[in-house]
Amino acid sequence: MKTVLVTGANGQLGQCFQKHSKNYPEIEFLFCSSRELDITSKEALSAYFQDKEIDYCINTAAYTNVEQAENEKEKAFLVNAEGAENVAEICKEYGVVLFHFSTDYVFNGNSSRPYTETDDVDPINVYGASKLKGEEEIQSVFENFFILRTSWLYSEFGHNFFRTILRKAEENATLNITTSQIGTPTNANDLTTYVIKMITSGSKAYGVYHFSNDGQGTWYDFAVEILNYSEKMDQVTLNKTGFFKTLAERPEYSVLSKEKITSKFGPVEDWKKSLFNLINETNL
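Please read these numbers as outputs of a predicted model, since none were measured by experiment.

Student: How should I be thinking about the overall build of the protein chain in this particular structure?
Tutor: When you go through the protein chain residue by residue, the secondary structure sums to ten helices and twelve strands. A globule of 284 residues ought to have a C-alpha radius of gyration of about 19 Å, and the protein chain, at 18 Å, matches this closely. Reported as C-alpha extents along the three principal axes, the dimensions of the protein chain are approximately 55 × 40 × 35 Å. Burial status across the protein chain gives 54% buried among its 284 residues.

Here it is, written out as C-alpha cells:
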C-alpha cells in the first residue's frame, strides 16, 4: 500500500484530495493542515517525516492570494519559495516523491499560443514570482518531483471565482466581469483525480508539467457558463468590462499547453463540460 501525505489539507485543493481519497482504499492518505504541519519550518517537517513511511508528498500548502501578495511579498515568498524548498529537501532526505503545484502566472501573457513547459518564464506579479522561485528551489534540490502548473482553479471548496459568482447571484448583484484576460478554468477535482492517477501509475517521468482543463475563455465567459449551468442568469445583471483594475497585474493570455502531460498520462476534460458536471454533482 502506498502512503501519500497531503500538506495544506484544509485549502481548496487539499479538500478535493480529502473528498476523492475515499475512492482509493489501496492508498493510505495522511492529511495535514498548514497549522498541523508548517512547511516553512524544516524542523517540523523533519519531525513528521521521521516517524512515518511516506511514499509521496502532495504539497498543496501555498500562499494563493494574488492581490494581497503585492503587499505581503515576504510572506508569499516564505511559503511559496522557502516552504517549497523545505519540502523538497525533506522529501529528498527520506526518499519521497514530491508533487507540487505552480501557476500559469509564471508567464507574462504576451504569447498568442498555449504556453509549453519549455517557454520562457517572466512573471508580472509577486504571486507568480514567488511560485516560480518555488519551482526553481525544488529543481535545485533533487529530481524526484512532479511540478504541475495549473490555472484558474475552482471547486465547491474554498474561496474562488466559481463560488463568488454563485454567491453574487444569490445577492441579485450587478457584476462587471473582464474580457481582457484569456485562460482556462480548471476544476480542482479534475486536477486531484489526475494526480492520483499519476501516482497509481507508478511513473518516474519526473519534471515540470502543465495541467488545466481543455479549451479557453475569458473570465466573462467563465461567469456566463457558471450562471447558465446553475440556471441563475436571471438573478444577476452581467456586464462586460474590457479592463478591471486590480492591484496585481495579470497576464492577458495564459492558456497552458497540455500536450506533454496528456501524451504520458491521458486526456483532460473540456472546461465547460467539467463545470457542468460539478454543478450537477453538487446541486449548486
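Student: Any chance you could explain the environment of Val268 here in plain terms?
Tutor: In this fold, Val268 is placed in the loop between α9 (259–265) and α10 (271–282). Assessed through its relative accessible area of 18%, Val268 is described here as buried. Along the chain, Val268 and Ala76 lie 192 residues apart, while their C-alpha atoms are 30 Å from each other. The contacts of Val268, once residues within four sequence positions are left out, are Tyr194, Phe211, Ser212, Asn213, Asp214, Lys258 and Thr262.

Student: What exactly am I supposed to notice about the packing of aromatic side chains here?
Tutor: Each aromatic ring pair is described using two quantities: the centre-to-centre distance and the angle formed by the ring planes. Across all of its chains, the model carries 21 aromatic pairs by this definition. In textbook terms, an aromatic cluster arises when at least three aromatic residues are bridged by ring pairs, as seen for Trp152, Tyr154, Phe161, Phe162, Trp219, Phe222 and Trp271. Its guanidinium or amino end placed over the ring of Tyr48, Lys52 lies 4.0 Å from that ring's centre, counting from NZ or CZ. Of note, Lys260 hangs over the ring of Tyr209, and the distance from its end group to the ring centre comes to 4.4 Å.

Student: So what exactly am I meant to see when it comes to the layout of surface pockets here?
Tutor: Empty space left among the atoms is revealed by rolling a probe the size of a water molecule over them. Each pocket or cavity is described by its volume, and for the largest pocket that value is around 1700 Å³. Lining the largest pocket are 49 residues, and of these Thr64, Asn65, Val66, His159 and Asn160 sit closest to its centre. Looking at the lining of the largest pocket, the elements with two or more residues in it are α1 (12–21), α3 (66–69), α4 (73–94), β4 (97–103), α5 (126–141), α6 (161–170) and β7 (174–178). Across the lining of the largest pocket, the residue classes break down as 17 nonpolar, 24 polar and eight charged.

Student: Mind showing me how you'd approach the sheet that holds strand β3 (residues 56–59) here?
Tutor: Consider a sheet: its strands pair through backbone hydrogen bonds, and that pairing is either parallel or antiparallel. As summarised here, the arrangement of the six strands in space is β2-β1-β3-β4-β5-β10, forming an open sheet in which the pairing is parallel. Two strands bound the open sheet, and with one partner strand each, they are β2 (27–32) and β10 (207–210). Ignoring strand direction, the axes of neighbouring strands in this sheet form an average angle of 20°. Looking at chain direction, β4 and strand β5 (residues 145–150) are connected through six bridges and run parallel. Bridge assignment links Leu98 to a residue of β5, and that residue is Phe145. The strands that α1 touches are β1 (2–7), β2, β3 and β4; relative to β2, the one it contacts most, it runs at about 150°.

Student: How should I be thinking about the pattern of salt bridges in this particular structure?
Tutor: Evaluated as defined, the whole model comprises eleven salt bridges. A salt bridge links Arg250 to Glu67; the shortest N-O distance between them is 2.5 Å. Pair noted here: Arg250 is in the loop between β12 (237–241) and α9 and Glu67 is in helix α3, with a separation of 183 residues, a long-range link. Judged by relative accessible area, which is 26%, Glu67 ranks as partly exposed. One salt bridge in this structure joins Glu225 and Lys272, with 3.9 Å as the shortest N-O distance. Of this pair, Glu225 sits in helix α8 (residues 219–229) while Lys272 sits in helix α10; the two residues are 47 residues apart in sequence, bridging distant segments of the chain. A network of salt bridges, in which partner residues are shared, links Arg167, Lys168 and Glu171.

The rules behind the values
Residues numbered from 1 in each chain as written. Predicted model: local features only at pLDDT ≥ 70, side-chain atom pairs only at ≥ 80, totals over all residues. Heavy atoms only, no water. Helix = DSSP H or I, 4+ residues; strand = E, 2+ residues; numbered from the N terminus. Rg over C-alpha atoms; globule rule 2.2 N^0.38 Å. Buried < 20%, exposed > 50% of the residue type's maximum accessible area, 1.4 Å probe, protein only. Contact = heavy atoms within 4.5 Å. Phe/Tyr/Trp six-rings, centres within 6.5 Å; stacked < 30°, edge-to-face > 60°. Lys NZ or Arg CZ within 6 Å of the ring centre and 35° of its normal. 1 Å grid on protein atoms, 1.4 Å probe; cavity = no way out; pocket = protein on both sides within 12 Å on 5 of 7 lines; lining within 4 Å. Points joined across faces, edges and corners; volume = space filled by probe spheres on them. Nonpolar A, V, L, I, M, F, W, Y, C, P; charged D, E, K, R; others polar. Pairing = 2+ DSSP bridges. Axes fitted to C-alpha atoms, helices over the stretch in contact; angles between N-to-C directions. Salt bridge = Lys/Arg side-chain N within 4 Å of Asp/Glu carboxyl O.

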